[in-house]
Amino acid sequence: MTRRAPSRRDLLWTLGLLPLAPVAGAQRSQEVRFTDVAAQAGLARARNLSGDPVDKQFLIEEMGGGVALFDFDNDGWLDIFLVNGSSFQGAASGRKSTSYLFRNNRDGTFTDVTRKAGLTYSGWGQGCCVGDYDNDGFDDLFVSYWGRNVLYHNNGNGTFTNVSEKAGVAGPGGRWGAGCCFLDYDRDGRLDLFVANYVHFDPKQVPRAGGAAYCRFNEIPVPCGPQGLAGGTNVLYRNRGDGTFEDVSERSGIANPRGPSSTSFVPRNWRPAGSYGMGATLRQACSITTTTTARSVKSESRPGARLTRTARRCRAWAWASATTTGTGGSTSSARTSPTR
């Protein structure tokens, strides 16, 4: 495998950020139809697991997993990574579920290479993000979990190695990792990592569906949360350039607002506290870069610093934003509101 140069897909991605001008005399587009080809493509055996299939008692059982389309083997074709969850019943019985990696066969079909690639970690997966954090030309993979997160290093030969502990990004076991994104927030040419944490959740502390006022919707029992639960605390990891990361959440201000250190459920007079972070996008990554470094993402990078793919996309996004709205970026917060 060789290092992949910027591809046509990268160019099309950048062009896709530009505003589209209406074409004179153009007719309205025809109706768009999608066809489910999962079975024909070889994806049907990927079974999503997220709690009990019919009797969901906790908020985490209602949450689906993320997906990443990325070219893990640098052959020019997008492969598919599907994040999988777990269940309390499976954990009690010892059954372990894993996420799925499907390699693109270039003919409309995919092959399951999960175990061959070494993506065998089992846990309650939530989100994922892709980025070449060590600048070796191969995209690495980060997966967020309810519990400890996982960073897979792409070995460049079709396999991955779990380097979470060594890299210092596994995090404590009690957090509910949701969204994530790679970004170069300090413009040093190395991708850093942002992780959004949702709520503090412990099934031993949270009532079952219908067990409190915040666990009913129109008198119908539903899993408790996010009302009644405190939000988590978002995390920003700075890339040291030696394969490890430093937690700079406090220093950068990402840790505000802060969630509590332990789980509790408030049955009445609940007030939001913490981040309730669910997702992280390129727009938010660029916002962190802009806010933290106190300069526009359109400015020149430091002399001698390599401009990462994310930084290049941030520039393209900022240029498109300026063209559309007359501003050079956004300062929106990298968290979501506490809604179901």
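Residues numbered from 1 in each chain as written. Predicted model: local features only at pLDDT ≥ 70, side-chain atom pairs only at ≥ 80, totals over all residues. Heavy atoms only, no water.

Thoughts on the pairing of strand β7 (residues 150-154)
Stage number 1. Counting buried residues in β7 gives five out of five residues, a clear majority hidden from the surface.
Stage number 2. Neither face of β7 is exposed, since V150, Y152 and N154 on one face and L151 and H153 on the opposite face are all buried.
Stage number 3. Pairing of strand β6 (residues 140-146) with β7 involves three bridges; the strand directions are antiparallel. The residue of β7 that forms the bridge with V143 is V150.
Stage number 4. In this structure, the hairpin formed by β6 and β7 is closed by a connection of three residues, where G147 is found at a positive phi of approximately 125°.
Stage number 5. With antiparallel pairing between neighbouring strands as the criterion, β7 and strand β8 (residues 160-162) make up a hairpin whose turn holds five residues, including G156 at a positive phi of roughly 80°. (Buried < 20%, exposed > 50% of the residue type's maximum accessible area, 1.4 Å probe, protein only. Helix = DSSP H or I, 4+ residues; strand = E, 2+ residues; numbered from the N terminus. Pairing = 2+ DSSP bridges.)

Thoughts on the sheet that holds strand β2 (residues 79-82)
Stage number 1. The strand order β1-β2-β3-β4 describes an open sheet built from four strands, whose pairing is antiparallel. A strand with exactly one partner marks an edge of an open sheet, and here the two such strands are β1 (67-70) and β4 (110-112). Averaged over neighbouring strand pairs, the angle between their axes works out to 20° when direction is ignored.
Stage number 2. Sheet topology places strand β3 (residues 100-104) next to β4; three bridges connect them, and they run antiparallel. Among the inter-strand pairings, R103 is bridged to a residue of β4, identified as T111. (Axes fitted to C-alpha atoms, helices over the stretch in contact; angles between N-to-C directions.)

Digging into the sheet that holds strand β10 (residues 192-197)
Two modes of strand pairing occur in sheets, parallel and antiparallel, and in both the strands are linked by backbone hydrogen bonds.
Stage number 1. One open sheet accounts for four strands, arranged β9-β10-β13-β14; its pairing is antiparallel. Sheet topology places β9 (177-183) and β14 (245-247) at the edges, where each strand pairs with a single neighbour. The average angle at which neighbouring strand axes cross in this sheet is 25°, direction not considered.

Section: the nonpolar core
Stage number 1. With 16 residues, the main nonpolar core has F81, L101, L119, L141, V143 and F160 as its most contacted residues.
Stage number 2. The element best represented in this core is β6, accounting for three residues.
Stage number 3. In contact with F81, other than residues within four places in its own chain, are G66, V67, A68, F70, S99, Y100, L101, L119, C128, L141 and V143. (Core = buried A, V, L, I, M, F, W, Y, C linked by side-chain atoms within 4.5 Å. Contact = heavy atoms within 4.5 Å.)

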